[in-house]
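# Observations on the model geometry
Spelled out from the first residue to the last, the chains are:
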Amino acid sequence: MTEIIAPKGTKDLYLPEIKKWQFIEEQIRQYFSRFLYQEIRTPIFEYTELFYKGTGSESEVVQKEMYTFKDKANRSITLRPENTPSVVRSVLENNLVQEIVPLRFFYIGPMFRYDKPQKGRYRQFHQFGIEVFGDPSAEVDAEVIFSAFGFLEEINIQNIELHINSVGCRQCRPEFLKKLQESAQQKRDELCEDCQRKITTNPLRIFDCKNTHCIEISNHFPKISDYLCPQCHDHFAGVRSALSILEVPFTSNPRLVRGLDYYTRTVFEITSVRLGAQDALLGGGRYDNLFQELGGKEIPATGFAAGIERLILHLDQVPDSKKKIICIVFQSPSFKHKALKLSTYLWKKGFPVFIDYNAKNMKKQFKKCDRIGADYAFIIAEEEISSQSISIKNLKTTEQIQIKSEALDQWLRENI
Ligand SMILES: [Zn+2]
Ligand SMILES: [Zn+2]
């Protein structure tokens, strides 16, 4: 028989790493409730068209990385490569603009991209993100950035840097793109093959090229900051001054363009600088045209997404919030039902309890207690039963006491 293994680019999660996932997910729910975000869950597959219109048909993601297939009724289906278009679709389709106030969502879940797997990068990967709809202000962009930065600090990710830029709007960007294309055309032969292709398809993305020679050349290309219309210029200035009030340190980076096509005005990225290497942890920005692109009226929107695998790589330790574990140890099989009765009592009160039903003797049960990392053993034996009491052994200190059964509640309150 051929061995069945998990598909390339996927990963199983279990102890001890799963603890970090649970920690991050819990922190997301708690932290973002401060800013009144509510959870939204959309399907992991959508009609392909959503991503052509939403993510953008010229984007690298749509061109090269989507899991797209026909279903049995010959519809084109795509496993979501990102969640923002789905959230916008859901808000439009379900008319949530009228229903939910404020229009602020967070999501957590798997995304799918057919990318080259490498450390921290998978084909089924996970993102969490937030979206704010209906607020065009510079201040809300700054609040979104503040919450992103603050979240990374909250989960104790060190050495992070924030880069921000404005990519303009429908009014001012076309003029800039024209100038950028002209400059790139003149240097065409010196650019890498990939950048040459981008000149006509998506010139902004030339700034994303990692080739040092391309970077050197594009450093002399026109900058979007010199082409912003007065409204975009003021908006960007508003974001920067609000960030200063929020005490978020930032760098204005004219090369920052982000990978997706839908951004307007504010874009930002938070990277971790570790051992000299830059690693993007989180990115986002404003996307005021996406609702219209997907057939709705114009609704301003802003948000970010973060890769959970990347965060996990940068997360050293998570606080141990483990509840104390109780092991029930019984002297002989004839006491098994007594043991079960005691554990039922404890489970119903909400304590973590373990019983080794198959153990032959107490020694073996104590060994099991150790292996599962139990804190206390509650011992049921001849003597305890005849005196209506219970022996409690602290497995960390090996100290043992005997208490009356009716004193158990008080002991639990004081010790666990
Ligand atoms: Zn503009
Ligand atoms: Zn290049």
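Let us look at the structure shown here.

### Observations concerning the pattern of salt bridges
For the structure on display, the rule yields 21 salt bridges. Of the charged contacts in the structure, one is a salt bridge between Asp141 and Arg286, with a shortest N-O distance of 2.8 Å. Taken together, the residues Asp141 in helix 6 (residues 138-154) and Arg286 in strand 10 (residues 277-286) connect sequence positions 145 residues apart. Like Asp141, the residue Arg286 is buried in the burial classification. A salt bridge links Glu293 to Arg170; its shortest N-O distance comes to 3.9 Å. One end of the pair, Glu293, is in helix 11 (residues 290-293); the other, Arg170, is in the loop between strand 7 (160-166) and helix 7 (173-186), with 123 residues separating them in the sequence. Note on Arg170: relative accessible area 42%, which makes it partly exposed.

### Some remarks on the packing of helix 1 (residues 17-33) against helix 6
Relative to each other, helix 1 and helix 6 sit at 135°, their axes nearing to 11 Å. One way to sum up the angle between helix 1 and helix 6 is to call them oblique. The chirality of how helix 1 crosses helix 6 is right-handed. Taking contact as the criterion, the partners of Ile24, Gln27, Ile28, Tyr31 and Phe32 in helix 1 are, on helix 6, Phe146, Ser147, Gly150, Phe151 and Glu154. Here the contact of helix 1 with helix 6 is built from residues that sort into six nonpolar, three polar and one charged.

### As for unusual backbone geometry
With an omega of -5°, the peptide bond running from Leu15 to Pro16 counts as cis. In this structure, the amide linkage connecting Val101 to the following residue, Pro102, adopts the cis form with an omega of -10°. On the secondary structure map, Pro102 appears in the loop between helix 5 (96-99) and strand 5 (104-112). Despite not being glycine, Gln388 has its phi angle at roughly 45°, a positive value.

Analysis parameters
- Residues numbered from 1 in each chain as written.
- Chains lettered and ligands numbered in written order.
- Predicted model: local features only at pLDDT ≥ 70, side-chain atom pairs only at ≥ 80, totals over all residues.
- Heavy atoms only, no water.
- Salt bridge = Lys/Arg side-chain N within 4 Å of Asp/Glu carboxyl O.
- Helix = DSSP H or I, 4+ residues; strand = E, 2+ residues; numbered from the N terminus.
- Buried < 20%, exposed > 50% of the residue type's maximum accessible area, 1.4 Å probe, protein only.
- Axes fitted to C-alpha atoms, helices over the stretch in contact; angles between N-to-C directions.
- Parallel < 35°, antiparallel > 145°, perpendicular 65-115°, else oblique.
- Left-handed = near helix turned anticlockwise from the far one by under 90°.
- Contact = heavy atoms within 4.5 Å.
- Nonpolar A, V, L, I, M, F, W, Y, C, P; charged D, E, K, R; others polar.

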